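Residues per chain, in single letters:
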Amino acid sequence: MNTRTLSEQYQTLTTFIYAGELADAFTEIHTQLQLCERADLFDEYEKLLTTYTFLLRYTFEGVNDPERERIFKHLQLDMLNLADNLKDALFTKFSTEKYYADKRTAEREIIKHNHDFSSILEKIKLIENPELIERKTLIAVLFMYLQSVKFTEAQSELVQKSIRSKALKIHEKALIVSSLTVSLLNRFDEHKIHTLFAFYDANQKQIWQRAIVGIVLAFFVHDSRIQMYPALVKRLEQLSEDNDIEKNIEQIVLQFTKTKETKKISDKLQNDILPQVSKMKLADKLDLDKLLTDKQIEDFNPDWEEVFEDAPDLLNKMEEISKLQLDGTDVFMTAFSQLKNFPFFTQTHNWFMPFYKENSDAVKALATGTESFDAHVFADGLQRSAYICNSDKYSFCMNIAMLPESQKKMIAGMFKMELHAMKDIDEEDELLQKGLKTKHLYTRYIQDLYRFYKLHPWGKEQALSNIFDSDLDFYNTFFYKFLIKNETLLRTVAEFYFKKEFYHEALLAFGKITITEKNARRIFEKMAFASQNLGDFEQAASFYERADLYDGNQLWLNTKLAFCYRKLQKFDKALEFYKRAEADEPQSTNIQANVANCLLNLGKYNEALQYYFKLEYLEPDTPKILRPLAWCALVSGKIDTALKYYDKLIALKPNEYDFINHAHTLLVAGRLADSVQSYNQAIKKIGVAETISSIHEDAVHLTENGVEQSVIQLLTDFLKLS
């Protein structure tokens, strides 16, 4: 049985439970238990089924039980917990994916060594040096232990006691928080959520930021479950009293929103910018030493204009990428995704390791043994860098050992310059924008999570539910509505998606904004435009019509409405709005062309012909104008005019239908031999069958212009036998 089927079964089961359809839920549980063969889970199933059977019996025997609703809700929670245990058991049994293979190994080790959090922690305390391999091994064990165990209240309390322990280093506590987070995204655990709240409350630098990200993700993923736990709702109430919570939630939500753009940026770098840079041989054309001046680091290199003359739009593209980087957008995924195969990353917990310059793995990688490369300066600069996530910093270090000496020297020099600049502006930035460092921590950590779920086998094999593949519609969740009191963030998210052309997500977000007299037209226009770009022209027209109720740019709106109705082949409505647009901009050839096309599709050939004549005067010998003009002349009986323009088309670059319509015109004019020659030109392009099919399609126009049906029949036979 594959994991996809197991996931679908779990989804079906939990849907029954949430809907209160417990009889169907019990049936589904019983079916899945046959696959599981776990006696303890079967016992739990029978216990819950008995409880529900008694509840139903007492209800319909007329027993008035004031506790019935509470018992029912408690039963739902117990069944959800059983569903979780059943899912774990089935995935552990059947899944061949690395996550469950690692989990099985961890569970065997826990049993073999009688591991629990306290015993692992005590062993860690005995090894004072955090860089010794023995201690690092225990941290890896602890990370997997937290993945493998569903917490009890007692286990949660044990972990919470470690929060203020001086025996654990900051980076080790950060790994505990990350393990709890990954575990929670895979399986609901009320006590682990409470543990994350405890880490958040402790307010330790680098730790509380990870904890609140974990809380936000847990509340997002398990949204339909949160309200069933009064203790978690109470924690939300307490969280709402935090003065900075709205700002923190805003920064987290916006950073997750920006991850939607990561793939698009990676593709742009891979397919657009990097190939151009490669062609230019940028390293040969740039004197890299001139990039390092005593001026501010954002100064332009005076040689760049000359360098980029081979690709004039490349500089603009690179400037755009640089601005995105400063704004917290992930621009390094392409470069560093290729550098995750070092042994360091075979240890799952290292994907979440905060970068610190004393890390023995980083120190070893940077120990080149040469004076030209100052490893300490490099590591210090890397640690201070706000725009590279932790995972990529380690990739950078591991890759250094493989670089030629000249490149190491150049990189060291660049980092030395940047380090001086960063030291100068560090305190100034923090004073100018309180919370800037917190924002950077969110950015780097969420980028670490993104790399893990996109590149690590646990995420790539989809053994874990990938948060980054979801709509990331935080605004639809209970916790968001509970904590965020205004729509500013929602509007920001919607506008971001719209600007970046994520129209599906933009449409969902705009649809949640409260419509007012002030914002109505703009929102309806953008919802319409998003729908239009998603190919839903019916919905787009509906939103444009609603926008039309409010004052604004009528020309733009009329052309959009006309376009949508034209795509829907409602040419009468399209013509109505193109006529309105024409009144506002009578000189627009594009609008006139669309009016003409609508008239043609409505069979108003004489009216259409007048527009095409005007267009042909403005743009003579243009095939896209000559074709409909000649056709309108033909079907309206203006044969001399039609011949004139078909002769022009044939003299240009005719397609098969130009030959067919030219032949039609010659046939109507009585020039039978010439018409056959033109039909044969079409046959050379598309064959006899398709040519004859076109003749039959247009037969009504031929007969209306005096060609007898018998002639058409003889013509088709002649073409077949020629």
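Residues numbered from 1 in each chain as written. Predicted model: local features only at pLDDT ≥ 70, side-chain atom pairs only at ≥ 80, totals over all residues. Heavy atoms only, no water.

Asks: For the overall build of the chain, give the residues involved together with the corresponding values.
Replies: A tally of regular secondary structure across the chain gives 41 helices and zero strands. Here the chain has roughly 35,800 Å² of accessible surface; of this, 51% comes from carbon and sulfur atoms. (Helix = DSSP H or I, 4+ residues; strand = E, 2+ residues; numbered from the N terminus. Areas by Shrake-Rupley, 256 points an atom, 1.4 Å probe, with all protein chains shown as cover.)

Asks: Quick rundown of the nonpolar core? Include the residues and the values.
Replies: Core analysis: the biggest nonpolar cluster contains 209 residues, and Ile212, Phe256 and Phe474 have the highest contact counts within it. If you tally residues by element for this core, the top one is helix 11 (residues 207-221), at 11 residues. Residues contacting Phe474, with those up to four places away along its chain left out, are Val216, Leu217, Phe220, Val253, Phe256, Phe479 and Tyr480. (Core = buried A, V, L, I, M, F, W, Y, C linked by side-chain atoms within 4.5 Å. Buried < 20%, exposed > 50% of the residue type's maximum accessible area, 1.4 Å probe, protein only. Contact = heavy atoms within 4.5 Å.)

Asks: Got a sec to walk through the packing of helix 35 (residues 623-635) against helix 36 (residues 639-651)? Specific residues and values, please.
Replies: A packed helix pair is summarised by two numbers, namely the angle formed by the two axes and the spacing between the axes. Running from amino to carboxyl end, helix 35 crosses helix 36 at an angle of 155°, the nearest separation of the two axes being 8 Å. The angle between the axes of helix 35 and helix 36 places the two elements in the roughly antiparallel class. When the axes of helix 35 and helix 36 are compared, the crossing they make is left-handed. Along the contact surface, helix 35 presents Pro623, Leu626, Arg627, Leu629, Ala630, Trp631, Ala633 and Leu634, while helix 36 presents Ile639, Thr641, Ala642, Tyr645, Tyr646, Lys648 and Leu649. Looking at side-chain class alone, the contact of helix 35 with helix 36 contains 12 nonpolar, one polar and two charged residues. (Axes fitted to C-alpha atoms, helices over the stretch in contact; angles between N-to-C directions. Parallel < 35°, antiparallel > 145°, perpendicular 65-115°, else oblique. Left-handed = near helix turned anticlockwise from the far one by under 90°. Nonpolar A, V, L, I, M, F, W, Y, C, P; charged D, E, K, R; others polar.)

Asks: Could you give an account of the environment of Leu90, with specific residues and numbers?
Replies: Relative to the helices and strands, Leu90 resides in helix 4 (residues 68-94). For the pair formed by Leu90 and Glu37, sequence separation is 53 residues and the distance between their alpha carbons is 9.3 Å. Setting aside residues up to four positions removed in sequence, Leu90 forms contacts with Leu6, Gln32, Leu35, Cys36 and Ser95.

Asks: Account for the packing of helix 9 (residues 170-186) against helix 10 (residues 190-202), naming residues and giving values.
Replies: The contact between helix 9 and helix 10 brings their axes to 10 Å, and the two run at 150°. In terms of orientation, helix 9 lies roughly antiparallel with respect to helix 10. In terms of crossing hand, the pair formed by helix 9 and helix 10 is left-handed. Contact residues: helix 9 offers Lys173, Ile176, Val177, Leu180, Thr181, Ser183 and Leu184, while helix 10 offers Lys192, Ile193, Thr195, Leu196 and Phe199.

Asks: How would you summarise the environment of Thr3 if you had to cite specific residues and measurements?
Replies: Tracing the chain through its elements places Thr3 in helix 1 (residues 3-18). Given the relative accessible area of 17%, Thr3 is considered buried. Measuring from C-alpha to C-alpha, the distance between Thr3 and Glu97 comes to 8.9 Å, with 94 residues separating the pair along the chain. The residues touching Thr3, leaving out its near neighbours within four places in the chain, are Phe91, Ser95 and Glu97.

Asks: Hey, could you go over a nonpolar patch on the surface for me, with residue numbers and the actual values?
Replies: Judged by side-chain polarity, Phe54, Tyr58 and Val63 come together as a nonpolar surface patch covering roughly 260 Å² of accessible area. With respect to the secondary-structure elements, Phe54 resides in helix 3 (residues 39-60). (Patch = residues over 30% accessible without salt bridge, like charges linked within 9 Å, V, L, I, M, F, W, Y side chains within 5 Å. Salt bridge = Lys/Arg side-chain N within 4 Å of Asp/Glu carboxyl O.)

Asks: For helix 24 (residues 436-455), give the residues involved together with the corresponding values.
Replies: A rise of 1.5 Å per residue sets the reference length of helix 24, with its 20 residues, at 28 Å; its end C-alpha atoms lie 28 Å apart and thus fit the reference within 8%. Across the 20 residues of helix 24, 16 count as buried, placing the element largely inside the fold. (Expected span 1.5 Å × (residues − 1).)

Asks: Lay out the packing of aromatic side chains in plain terms, naming residues and giving numbers.
Replies: In total, this model carries 43 aromatic pairs according to the counting rule given. When the centroid spacing of 5.7 Å and the interplanar angle of 45° are considered together, the rings of Phe256 and Phe474 count as tilted. With Phe256 in helix 14 (residues 245-258) and Phe474 in the loop between helix 25 (457-460) and helix 26 (478-483), the pair connects residues that are 218 residues apart, well separated along the chain. On the basis of relative accessible area, Phe256 is assigned to the buried category, the value being 0%. Measuring from ring centre to ring centre gives 6.0 Å for Tyr503 and Phe529, while their planes differ by 75°; the resulting arrangement is edge-to-face. Here Tyr503 is found in helix 28 (residues 503-510), whereas its partner Phe529 is found in helix 29 (residues 520-533), with 26 residues between them in sequence. The class for Tyr503 is buried, based on a relative accessible area of 12%. The side chain of Lys485 reaches across the aromatic face of Phe482, ending 5.5 Å from its centre. (Phe/Tyr/Trp six-rings, centres within 6.5 Å; stacked < 30°, edge-to-face > 60°. Lys NZ or Arg CZ within 6 Å of the ring centre and 35° of its normal.)

Asks: How would you explain the side chain of Thr195 if you had to name every residue and give the values?
Replies: As for its position among the elements, Thr195 is in helix 10. For Thr195, a relative accessible area of 0% corresponds to the buried category. Side chain to side chain, Thr195 and Ser156 meet in a polar contact 2.8 Å long. Excluding its chain neighbours within four sequence positions, the residues that come into contact with Thr195 are Phe151, Ser156, Val159, Gln160 and Leu180. (Polar contact = N/O pair within 3.5 Å; in protein donor to acceptor, adjacent residues only side chain to side chain.)

Asks: If you had to explain the pattern of salt bridges to someone new, which residues and values would you point to?
Replies: Taken as a whole, this structure holds 34 salt bridges when the rule is applied. Between Asp102 and Lys98 there is a salt bridge, and its shortest N-O distance comes to 3.3 Å. Of this pair, Asp102 and Lys98 both sit in helix 5 (residues 98-113), four residues apart, roughly one helical turn. When its relative accessible area of 30% is taken as the criterion, Lys98 is described as partly exposed.

Asks: Mind laying out the confidence of the model for the chain, listing which residues take part and the relevant values?
Replies: On average, residues of the chain score 87 in pLDDT, and 87% of them reach the 70 mark or higher. When the criterion is pLDDT under 50, residues 277-312 qualifies, and its contacts beyond four places in sequence or with other chains add up to 33 contacts. (pLDDT = per-residue confidence, 0-100.)

Asks: I'd like a description of the environment of Thr92, backed by residues and values.
Replies: Here Thr92 is to be found in helix 4. With 11 residues separating them in the primary sequence, Thr92 and Lys103 have C-alpha atoms 7.8 Å apart. Setting aside anything within four residues of it in sequence, one finds Thr92 in contact with Tyr100, Lys103, Arg104 and Glu107.

Asks: Which residues make up unusual backbone geometry, and what values do they have?
Replies: Among all residues except glycine, the phi angle is most often negative; among peptide bonds, the trans geometry is most common. With phi around 60°, Glu37 is a residue other than glycine that occupies positive phi space. Within the secondary structure, Glu37 is located in the loop between helix 2 (22-36) and helix 3. On the basis of relative accessible area, Glu37 is assigned to the exposed category, the value being 65%.

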